[in-house]
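Examining the three-dimensional arrangement
One-letter residues, chain by chain:
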Amino acid sequence: MHEMGIALEILRIAGESVPDGARIERVAVAVGELSAVEPELLAAAWEAAVAGGPQAGAALEIDWRPARQTCAACGEIPERVPGSWLRLCPRCGMPLGIEGGGELDVLRVVYVEDAEETDGEVA
Amino acid sequence: MSCETDARVVEVQRRALEANEEQAARLRNRFAAAGTLVVNLISSPGSGKTTLLEATVRRLGASLRCGVLEGDVATERDADRIRALGVPAHQILTGGACHLDARLVERGLDEAAFGELDVLFIENVGNLICPTNYDLGEDFKVALLSVAEGDDKPFKYPAIFSRAEVTVVTKADLLPHLPFDLDAVRERVGTLRPGGTFLVTSATTGDGVDAWCGLIEARLRAKRNG
Ligand SMILES: Nc1nc2c(ncn2[C@@H]2O[C@H](COP(=O)(O)OP(=O)(O)OP(=O)(O)O)[C@@H](O)[C@H]2O)c(=O)[nH]1
Ligand SMILES: [Mg+2]
Ligand SMILES: [Zn+2]
């Protein structure tokens, strides 16, 4: 439900990152498994956020970042299946820690400067 | 479609919610200067946030200056429940939004004019997902989980249980009637938040409420003593 507000923030930051009058083609964002954001809902919110505006048609590219489970002794636990959680290290039996997965970042923007000139011939 | 070669790339690397985080940082400075401990309570609707706060201010209200910000989509009901106990409370109506953000808290705080407080409790809008991302300048988040909601919830909503420093299981008086595996919940929360605090309470019987209030008092002392 809060994805709309996040989509609008992403659009604001993307707009600040490109020259005036540029047309945004694509915005890449990182969304972590522990970010409380559903990628499908964010994608739908993005569609609604850009629709009918100057950046209509701009695409959102979601770079999904799973959390990692780590053991103080054995390092990262590759046995972990994303979406499920291990409580103890399968190798040494120690309790596991968690790293990453909290990402909710605007990574980069792909744009075309001066949209007027590059839009091709006007009918 | 335009010619691909015209496209330029700019690296951005900014937090999507940086605006809220900046506002929250200002609030955090304000609370630090005032020496106020701020607790952000998050749970599903009806898990017992207001009831636990009622029990809390009954115990702490005499010795500490408490204030409560109540976040709800509509109605003044929760703030009225706190005010009935002689503790100042202010209702923040989000007008449909499913969570509080730092801007709403700042505005609510200014409207409330609580004066000097030792502890500010912020009851977030009943929702286990949306409030997770929004820093309110709090000292710590508390996730509440009532035993009626089921013991699978920590792994279903890992974001909030990984970010809440304290998890409070509520309505423990109902445990005999429900298939709720308390040890499994403790383990799951421990997986998501190693080293976090795990409390079990019943506002009905009062079990665990002293431990919860003791935690608040200890955290306030720690904040005041740097
Ligand atoms: N048995 C039992 N019931 C409780 C306990 N705490 C709260 N309740 C009941 O649970 C219901 C919801 O409690 P609230 O405190 O209003 O819950 P809330 O989380 O503030 O709800 P929202 O603000 O609407 O999200 C009420 O009917 C309470 O009486 C408890 O410890 N034991
Ligand atoms: Mg309530
Ligand atoms: Zn290990």
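Residues numbered from 1 in each chain as written. Chains lettered and ligands numbered in written order. Predicted model: local features only at pLDDT ≥ 70, side-chain atom pairs only at ≥ 80, totals over all residues. Heavy atoms only, no water.

The next thing to look at is the coordination of the magnesium ion (ligand 2). Those donors, T50 of chain B (OG1), D78 of chain B (OD) and E123 of chain B (OE), are the protein atoms that reach the magnesium ion (ligand 2), and they lie 2.1 Å from it. On the basis of relative accessibility, which here comes to 5%, the residue T50 of chain B falls in the buried class. (Donors = N, O, S within 2.8 Å, 3.2 Å for Na, K, Ca; no water. Buried < 20%, exposed > 50% of the residue type's maximum accessible area, 1.4 Å probe, protein only.)

As a further point, take the packing of aromatic side chains. Scanning the model with the defined rule gives 0 aromatic pairs over all chains in all. When the ring centre of W85 of chain A is taken as origin, the NZ or CZ atom of R80 of chain A, which lies over that ring, is 4.1 Å away. One Lys or Arg, R188 of chain B, reaches over the ring of F155 of chain B and ends 5.8 Å from the middle of that ring. (Phe/Tyr/Trp six-rings, centres within 6.5 Å; stacked < 30°, edge-to-face > 60°. Lys NZ or Arg CZ within 6 Å of the ring centre and 35° of its normal.)

Below, the discussion takes up the confidence of the model for chain B. Confidence in the prediction of chain B, expressed as mean pLDDT, is 96, and 98% of residues score 70 or more. The ipTM for the predicted assembly is 0.90, set against a pTM of 0.94. (pLDDT = per-residue confidence, 0-100.)

Here we take up the interface of chain A and chain B. On the chain B side, the residues contacting the 36 residues of chain A number 32 residues. A buried area of about 3,000 Å², summed over both sides, lies between chain A and chain B, and 56% of it is on carbon and sulfur atoms. Our enumeration of links across chain A and chain B arrives at 6 salt bridges. Across the pair R14 of chain B and E16 of chain A runs a salt bridge whose closest N-O atoms are separated by 2.7 Å. Put simply, chain A and chain B have 15 residue pairs in polar contact (both at pLDDT 80 or more) between them. Going through the elements one at a time, α1 (3-17), β1 (23-32), β5 (97-99) and β6 (104-112) of chain A are the ones with two or more residues in the side of chain A that touches chain B. Residue contributions to the side of chain A that touches chain B peak at 9 residues, all from β6 of chain A. (Contact = heavy atoms within 4.5 Å. Buried area = accessible area lost by both parts, 1.4 Å probe. Salt bridge = Lys/Arg side-chain N within 4 Å of Asp/Glu carboxyl O. Polar contact = N/O pair within 3.5 Å; in protein donor to acceptor, adjacent residues only side chain to side chain. Helix = DSSP H or I, 4+ residues; strand = E, 2+ residues; numbered from the N terminus.)

On to the coordination of the zinc ion (ligand 3), then. Put simply, a metal with four donors set out as a tetrahedron has ideal angles of 109.5 degrees, and one with six donors set out as an octahedron has ideal angles of 90 or 180 degrees. Residues and elements named next belong to chain A. For the zinc ion (ligand 3), the protein coordination sphere consists of C71 (SG), C74 (SG), C89 (SG) and C92 (SG), at 2.3 Å. Here the donor residues for the zinc ion (ligand 3) map to a single chain with the spacing C-x2-C-x14-C-x2-C. When its relative accessible area of 4% is taken as the criterion, C89 is described as buried.

If you look at the biggest cluster of nonpolar residues, it comprises 29 residues, and the most contacted ones within it are V39, F121, V142, W212 and I216 of chain B. Listed by contribution, the elements that provide at least two residues to this core are β2 (37-42), α2 (49-60), β3 (66-72), α3 (77-83), β5 (119-123), β6 (140-146), β7 (166-170) and α8 (209-224) of chain B. Sorting elements by how many residues they give to this core places α8 of chain B first, with 6 residues. Beyond its immediate chain neighbours, meaning those up to four positions away, V39 of chain B contacts L120, F121, I122, F140, V142, W212 and I216 of chain B. Judged by nonpolar contacts, the second largest core, of 28 residues, contains I13, V18, A45 and W46 of chain A. (Core = buried A, V, L, I, M, F, W, Y, C linked by side-chain atoms within 4.5 Å.)

Time to look at the pairing of β2 of chain B. Residue and element names in this part refer to chain B. Counted residue by residue, β2 has 6 buried out of 6 residues, so it is predominantly covered. The alternating pattern of β2 places L37, V39 and L41 on one face and V38, N40 and I42 on the opposite face, and all of these are buried. Looking at chain direction, β2 and β5 are connected through 5 bridges and run parallel. Opposite L37, over in β5, you have V119 as the bridge partner. Summarising the sheet, β2 and β6 pair through 4 bridges and their orientation is parallel. The residue bridging L41 from the neighbouring strand is V142, located in β6. (Pairing = 2+ DSSP bridges.)

Our next topic: the site of ligand 1. Residues and elements named next belong to chain B. In the vicinity of ligand 1 lie 18 residues, with K49, T50, T51, D173 and T204 positioned nearest. K49 places a side-chain nitrogen or oxygen 2.8 Å from an oxygen atom of ligand 1. Within the side chain of T204, one N or O atom sits 2.8 Å away from a nitrogen atom of ligand 1. Burial of ligand 1 by the protein chains amounts to 70% of its free accessible area of 650 Å². Looking at the shell around ligand 1, the elements that each hand over two or more residues are α2 and α3. Per-element tally for the shell around ligand 1: the top contributor is α2, with 3 residues. (Near = heavy atom within 4 Å. Areas by Shrake-Rupley, 256 points an atom, 1.4 Å probe, with all protein chains shown as cover.)

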